Amino acid sequence: MEKKSLTYIKYPIVLISIILCLSGIRWLLSSEPWMLDQVANEERLQMTFVDLFSIEGNSTLGGYLTQVYRFLGLYVLGIGFLLLAFTPNKFLEIYIVRQRFLIVLGILLVSNLVLAYVWIPSSHFIYVMWGTIVLYCLSLYNHIKK
C-alpha cells in the first residue's frame, strides 16, 4: 500500500515536469516564440505584431524577443528537469523533502496562474496551468492522505 500511495504522489509530478519540459522546448525551438501566444500578447500590447514591428526603430525587436523567450524556454525546461530529478521514490519517501517539494511547487504553480490572469488573461496557457494545478492537487491530496 505504501508504494501505491507514493505512486499517486509521483506520477502527477512527473506529468507536470514533462509539460514544463515540452513548453520549454517549444520556446527554445520556435522561430518566433512570442507568436505561440499571439492573441494574448497582442491584447497586452494593444496592437498587432505587424504594427509593432513596422514602427521605426523596432527593426531589432524580433531578435530581442527571441532572446527573451529563449531564456524563458531554458528556465522552464530547467525547472521541468529539476522536478524530474526529485521524483525518484528515494526522495519522495522522505516526508520533509516531499512536503517542501510540494509547498514550493504549489507556490510556483499558483503564482504563475495569478500572474497569467493579471497580465495575459486571454492566454491559452491558462488552461495548461489549470491542468498542472489539478495534477498538483492529486499529488497534494495523496501526500496528505499518506
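See the structure above.
Bear in mind that the values here come from a model prediction, so they are computed numbers and not experimental data. (Residues numbered from 1 in each chain as written. Predicted model: local features only at pLDDT ≥ 70, side-chain atom pairs only at ≥ 80, totals over all residues. Heavy atoms only, no water.)

Participant: Explanation requested: the overall build of the chain in the structure shown.
Facilitator: When its secondary structure is counted, the chain shows seven helices and zero strands. The helix and strand sequence of the chain, counted from the amino end, reads α-α-α-α-α-α-α. Intrachain contacts of the chain at a sequence separation of at least 6 include 73% that bridge at least 24 residues. When the accessible area of the chain is evaluated, it comes to approximately 9100 Å², of which 70% is carbon and sulfur surface. Taken together, the 11 basic and 8 acidic charged side chains of the chain have centroids lying 24 Å from each other. (Helix = DSSP H or I, 4+ residues; strand = E, 2+ residues; numbered from the N terminus. Contact = heavy atoms within 4.5 Å. Areas by Shrake-Rupley, 256 points an atom, 1.4 Å probe, with all protein chains shown as cover. Lys, Arg positive; Asp, Glu negative; His and termini not counted. Charge placed at Lys NZ, Arg CZ, Asp CG, Glu CD.)

Participant: Looking at this model, I keep getting lost on the packing of aromatic side chains. Mind explaining?
Facilitator: Each aromatic ring pair is specified by the distance between its two centres and by the angle formed by the two planes. By the definition in use, this model includes five aromatic pairs. Where F49 meets F53, the ring centres are 6.0 Å apart and the plane angle is 25°; that geometry is what we call stacked. Taken as a pair, F49 and F53 lie in helix α3 (residues 49–54) at a separation of four residues, close to a single helical turn. Ring geometry for F86 against F91: centres 4.9 Å apart, planes inclined by 55°, an arrangement best described as tilted. Members of the aromatic cluster, connected to one another through ring pairs, are W34, F49 and F53. (Phe/Tyr/Trp six-rings, centres within 6.5 Å; stacked < 30°, edge-to-face > 60°.)

Participant: Could you clarify how one ought to interpret a nonpolar patch on the surface in this entry?
Facilitator: Where nonpolar side chains cluster on the molecular surface, the patch consists of L15, I18, L22, I25 and L29 and spans about 470 Å² of accessible area. Relative to the elements of secondary structure, L22 occurs in helix α1 (residues 2–29). (Patch = residues over 30% accessible without salt bridge, like charges linked within 9 Å, V, L, I, M, F, W, Y side chains within 5 Å. Salt bridge = Lys/Arg side-chain N within 4 Å of Asp/Glu carboxyl O.)

Participant: Which parts of the structure should I look at to understand unusual backbone geometry?
Facilitator: Backbone phi values are negative for most residues with the exception of glycine, while trans is the configuration of most peptide bonds. The backbone phi angle of Q46 is positive, close to 65°, even though this residue is not glycine. Mapped onto the secondary structure, Q46 falls in the loop between α2 (38–45) and α3. Its relative accessible area of 73% is what places Q46 among the exposed residues. (Buried < 20%, exposed > 50% of the residue type's maximum accessible area, 1.4 Å probe, protein only.)

Participant: Mind showing me how you'd approach the packing of helix α6 (residues 95–119) against helix α7 (residues 125–145) here?
Facilitator: When two helices pack together, their arrangement is captured by the angle between the axes and the distance separating the axes. Following both chains from N to C, one finds α6 and α7 inclined at 155°, their axes separated by 10 Å at the closest point. The orientation of α6 with respect to α7, classified from their angle, is roughly antiparallel. In the crossing of α6 with α7, the sense of the turn from one axis to the other is left-handed. Here the contact of α6 with α7 is built from residues that sort into 15 nonpolar, six polar and one charged. (Axes fitted to C-alpha atoms, helices over the stretch in contact; angles between N-to-C directions. Parallel < 35°, antiparallel > 145°, perpendicular 65-115°, else oblique. Left-handed = near helix turned anticlockwise from the far one by under 90°. Nonpolar A, V, L, I, M, F, W, Y, C, P; charged D, E, K, R; others polar.)

Participant: Looking at this structure, how should I read the environment of Y69?
Facilitator: Locating Y69 in the fold gives a position in helix α4 (residues 61–85). When its relative accessible area of 17% is taken as the criterion, Y69 is described as buried. When the C-alpha atoms of Y69 and A85 are compared, they prove to be 24 Å apart, with 16 residues separating the residues in sequence. When near neighbours in sequence (up to four residues on either side) are disregarded, Y69 contacts W27, P33, W34 and N41. Here the side chain of Y69 touches N41 through a polar contact of 3.2 Å, side chain to side chain. (Polar contact = N/O pair within 3.5 Å; in protein donor to acceptor, adjacent residues only side chain to side chain.)

Participant: How should I be thinking about the environment of H124 in this particular structure?
Facilitator: By the element assignment, H124 lies in the loop between α6 and α7. The spacing of H124 and V110 is 14 residues in sequence and 16 Å in space, taken between C-alpha atoms. Every residue in contact with H124, bar those within four places of it in the chain, is listed here: L36 and D37. Reaching out from H124, the side chain makes a polar contact with the side chain of D37 at a distance of 3.3 Å.

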